[in-house]
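# Structural description and commentary
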Amino acid sequence: MTTEVEGQLTAIHKKTDARKPRWRRAVVASSVVFGMLLTGIGLLPTVLVNTSLRNRILGSAISQETWSATSEEATGGWLAPIVFRNVQITDTDGKFLCTIRELRTSKGLLGFLTDGTEIGRIDLIEPRVEVHIDEDGKWPQCDQQPADSRFSYAIENGSVVITVPWRDVPIVELDELVMSGKIGPNAEGRRTLTVNAAQIFDHEQLSEAHTTQNLALIAPILSQSTNVTGSASVWIDNIEIPLEGDQRSPFPIKGRAEFHSLEARLKEDWTRQLAAVTGQLTGTELPDRIEMLKDSRVDFVVTDEGIAHEGMVFLLPKIADELRITSSGMIRLDESLDLQLAVKVPKIVAAGNPVMALVSQLTSAPLQLSVKGTVSKPQLQLPQGMDLLSQLSQQVAPAQHQDEAPAVPAAVINLIQGVSNTNKAEAQKDLPGNIFNLIRAIDKGAKEKAKDKPKKAPRKK
């Protein structure tokens, strides 16, 4: 009996000993698989950031069908923020190029996997944006795909270059930009790219470079100047760019410039044109030196057509300290001009003298001029349908002014009737206008006579 029990126990021990290696192998195998899984999970961020998969991550982030994004290298982990280096974003048409030395995220890979909507903050270190406008003046297309991601961004030491085919130098070339903003729903719930208000220039020293780009677009007189000195600051207002719907333009972009000081010399052609008009009013040869009012403000608006400005006041100090010219209007992207100049001549005291009263009224309102042509060949002219005498006549006697100058007899009769008026105050008031209308009538008659006069036939040899 004892022998039989011992035999059974021995058999059980043999079966148990045979099963032990199987369980050990299963446990060891499970440990190895689990370890490999953990290792794989731990290495996944390294694989993602050190292979071409990182470019897929960037591509999906920009949500652009016609744009591509690449990065030379990246670092990061499940919890460690992901950093892309030497990023390049381009469009298929070659109109847009953005290079970024570093693109830093505030979240690790785990954060993006668990919540891909709230991206957090993105820092762009030394981004450089190049925009190439084509021959038709069209900007690069921005076809944003539907997305729900939200994030804020900050730009450190950024650069922007805007070029056009018909210029050798960029129309805009800015650097050392510090800006911020966000992408997400606005107050109406529409997905929007917001650029916070920022200062572009802070007491920027003016130089010859600003006569061909940047500030020359805000203050067109710079494009006709040399030997520029002074300083200026520029701010842009808050910009909201819709990323949904048909309208996805950043325009209009509004801002202001403040010229703390500015002195320059006008180019010869521009000096000659101003002298032809302003010199007639002052009787003085126009010098080429100009100044701007200290800390004067110029408002500007950027559209897809060009840059419009308003309120730029410059002085001609060698003529008179109070002689001011105010500029407003637009410089289009093709460099064509549509500007208006208001020339304010110093007021002259009449002192009871009818002739001086006439001169005083001539200077009572600014003389309106327009500038057409192009930046390289500006054309200073009176507004369409207006000659100098007509415009001055409006200033002297608005009530008596006629679009057509009166005939000489009628002008003489009006002058005599005005002088004969028993109401001396009214007669003195109307006298300058009647004198000027007589001048206009004589001028008109002389022009008509010259026009009707037959041309002399050439002498026969």
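Residues numbered from 1 in each chain as written. Predicted model: local features only at pLDDT ≥ 70, side-chain atom pairs only at ≥ 80, totals over all residues. Heavy atoms only, no water.

### Observations regarding the overall build of the protein
For the record, the criterion: In DSSP terms, a helix is any run of H or I states spanning at least four residues, a strand is any run of E spanning at least two, and both are numbered starting from the N terminus. Contacts: residue pairs with any heavy atoms within 4.5 Å of one another. We get accessible surface area from the Shrake-Rupley algorithm with a probe of 1.4 Å; when it comes to residues, only the shown protein chains can shield them.
Tallying secondary structure elements over the protein gives 9 helices and 18 strands in all. The contacts of the protein with a sequence gap of at least 6 include a subset with a gap of at least 24, amounting to 60%. When the accessible surface of the protein is summed, it comes to about 26,700 Å², and 55% of that surface belongs to carbon and sulfur atoms.

### Some thoughts on unusual backbone geometry
As a reminder of what qualifies: Exposure is judged per residue with a 1.4 Å probe applied to protein chains only, and the accessible area is read against the type maximum: over 50% gives exposed, under 20% gives buried, and values in between give partly exposed.
In this model, F251 is joined to P252 through a cis peptide bond whose omega is 0°. Tracing the backbone through its elements, the reader meets P252 in the loop between β10 (239-242) and β11 (253-266). In this structure, N157 is a non-glycine residue whose phi angle is positive, near 55°. Residue classification places N157 among the partly exposed residues on the basis of a relative accessible area of 35%. Positive phi, close to 50°, is recorded for N227, a residue that is not glycine. The topology assignment puts N227 in strand β9 (residues 225-236).

### A word on the sheet that holds strand β1 (residues 67-75)
Heads up, the condition is: In this analysis, strands are considered paired if DSSP registers two or more bridges between them. Orientation is described by axes fitted as lines to C-alpha atoms, over the contacting stretch for helices, and by angles from 0 to 180 degrees between their N-to-C directions.
The mixed open sheet is built from 8 strands, whose spatial order is β1-β2-β3-β4-β5-β6-β7-β10. Across the chains shown, the open sheet's two edge strands, defined by having one partner strand only, are β1 and β10. Within the sheet, the average angular offset between the axes of one strand and its neighbour, ignoring direction, is 25°. As paired strands, strand β6 (residues 172-185) and strand β7 (residues 191-195) are joined by 5 bridges and run antiparallel to one another. Each bridged residue has a counterpart across the sheet, and for P185 the counterpart in β7 is R191.

### Overview of the pairing of strand β18 (residues 378-381)
Within a regular strand, side chains alternate between the sheet's two faces. Burial along β18 is one-sided: the residues P378 and L380 are buried and none of Q379 and Q381 is. When strand β17 (residues 367-373) meets β18, the two strands line up antiparallel, connected through 4 bridges. By the bridge assignment for β18, K372 is matched with Q379. Hairpin connection of β17 to β18: 4 residues between the antiparallel strands.

### Some details on the pattern of salt bridges
Oppositely charged side chains may form a pair once their charged atoms are brought near each other. Put simply, the test is: Each salt bridge in this description consists of a side-chain nitrogen of Lys or Arg and a carboxyl oxygen of Asp or Glu lying within 4 Å of one another.
Under the defined criterion, the tally for this structure stands at 13 salt bridges. We note a salt bridge from R104 to E102, for which the minimum N-O separation is 2.7 Å. As a salt-bridge pair, R289 and E263 come within 3.7 Å of each other at their nearest N and O atoms. With R289 in strand β12 (residues 289-292) and E263 in strand β11, the pair connects residues that are 26 residues apart, well separated along the chain. On the basis of relative accessible area, R289 is assigned to the partly exposed category, the value being 21%.

### A short note on the nonpolar core
For clarity, the threshold we go by: Take the buried Ala, Val, Leu, Ile, Met, Phe, Trp, Tyr and Cys residues and link them wherever side-chain atoms come within 4.5 Å; each set so joined is a nonpolar core.
Membership of the largest hydrophobic core comes to 78 residues, with the highest contact counts inside it found for L215, L222, V234 and F259. Each residue touching V234, except ones within four places of it in the same chain, is listed here: A198, Q199, I200, F201, L215, I218, R256, A257 and F300.

### Describing the environment of K138
Looking at the secondary structure, you find K138 in the loop between β4 (118-132) and β5 (150-163). With sequence-adjacent residues up to four places away left out, K138 is seen in contact with K95, H132 and I133.

### Overview of the side chain of K107
Cut-off, in case you're wondering: For the purposes of these results, a polar contact is taken to be a pair of N or O atoms within 3.5 Å, where, inside protein, one atom must be able to donate a hydrogen and its partner to accept one; residues adjacent in sequence count only when each atom of the pair is a side-chain atom.
Tracing the sequence through the fold places K107 in the loop between β3 (96-105) and α3 (109-114). A polar contact is formed between the side chain of K107 and the backbone oxygen of E118, at a distance of 2.5 Å.

### With respect to the confidence of the model for the protein
Note the threshold: One confidence number per residue, pLDDT, is output by the predictor and ranges from 0 to 100.
For the protein, the average pLDDT comes to 74, and 59% of its residues sit at 70 or higher. Averaged over each element, pLDDT in the protein is lowest for helix α8 (residues 408-420) (49) and highest for strand β8 (residues 198-205) (94). A low-confidence stretch, residues 31-43 stays under pLDDT 50, and its non-local contacts, those more than four residues away or across chains, total 2 contacts.

### Re the pairing of β6
Here 9 bridges tie β5 to β6, and the two strands are oriented antiparallel to one another. Bridge pairing in β6 places V161 opposite E173. Where β6 folds back on β7, the antiparallel hairpin that results is connected by 5 residues, among which G189 adopts a positive phi of roughly 85°.

### Quick notes on the environment of I155
Looking at where I155 falls in the secondary structure, it is placed in strand β5. Classification of I155 by relative accessible area gives buried; the value is 19%. The spatial distance from the C-alpha of I155 to the C-alpha of P127 is 7.3 Å, given a sequence separation of 28 residues.

### Overview of the packing of aromatic side chains
Heads up, the rule is: Between 30 and 60 degrees the pair is tilted, below 30 it is stacked and above 60 it is edge-to-face, where a pair is any two Phe, Tyr or Trp rings, Trp via its six-membered ring, whose centres lie within 6.5 Å.
For the structure on display, the rule yields 2 aromatic pairs. Ring centres 4.5 Å apart and planes at 15° place the aromatic pair W67 and F96 in the stacked group. Remark: F96 occurs in strand β3 and W67 occurs in strand β1; sequence separation between them is 29 residues. Each member of the pair, W67 as well as F96, carries the same accessibility label: buried. Seen in terms of ring centroids, W139 and F251 are 5.1 Å apart; in terms of plane orientation they differ by 65°. Their pairing is edge-to-face. Here W139, found in the loop between β4 and β5, pairs with F251, found in the loop between β10 and β11; they are 112 residues apart in sequence, far enough to count as distant.

### Things to note about the side chain of E335
You can see E335 is positioned in the loop between β15 (324-332) and β16 (337-344). With near-sequence residues (within four places) excluded, E335 lies in contact with W166, R167, G373, T374 and V375.

### Describing the environment of A69
Its place among the elements puts A69 in strand β1. When its relative accessible area of 7% is taken as the criterion, A69 is described as buried.

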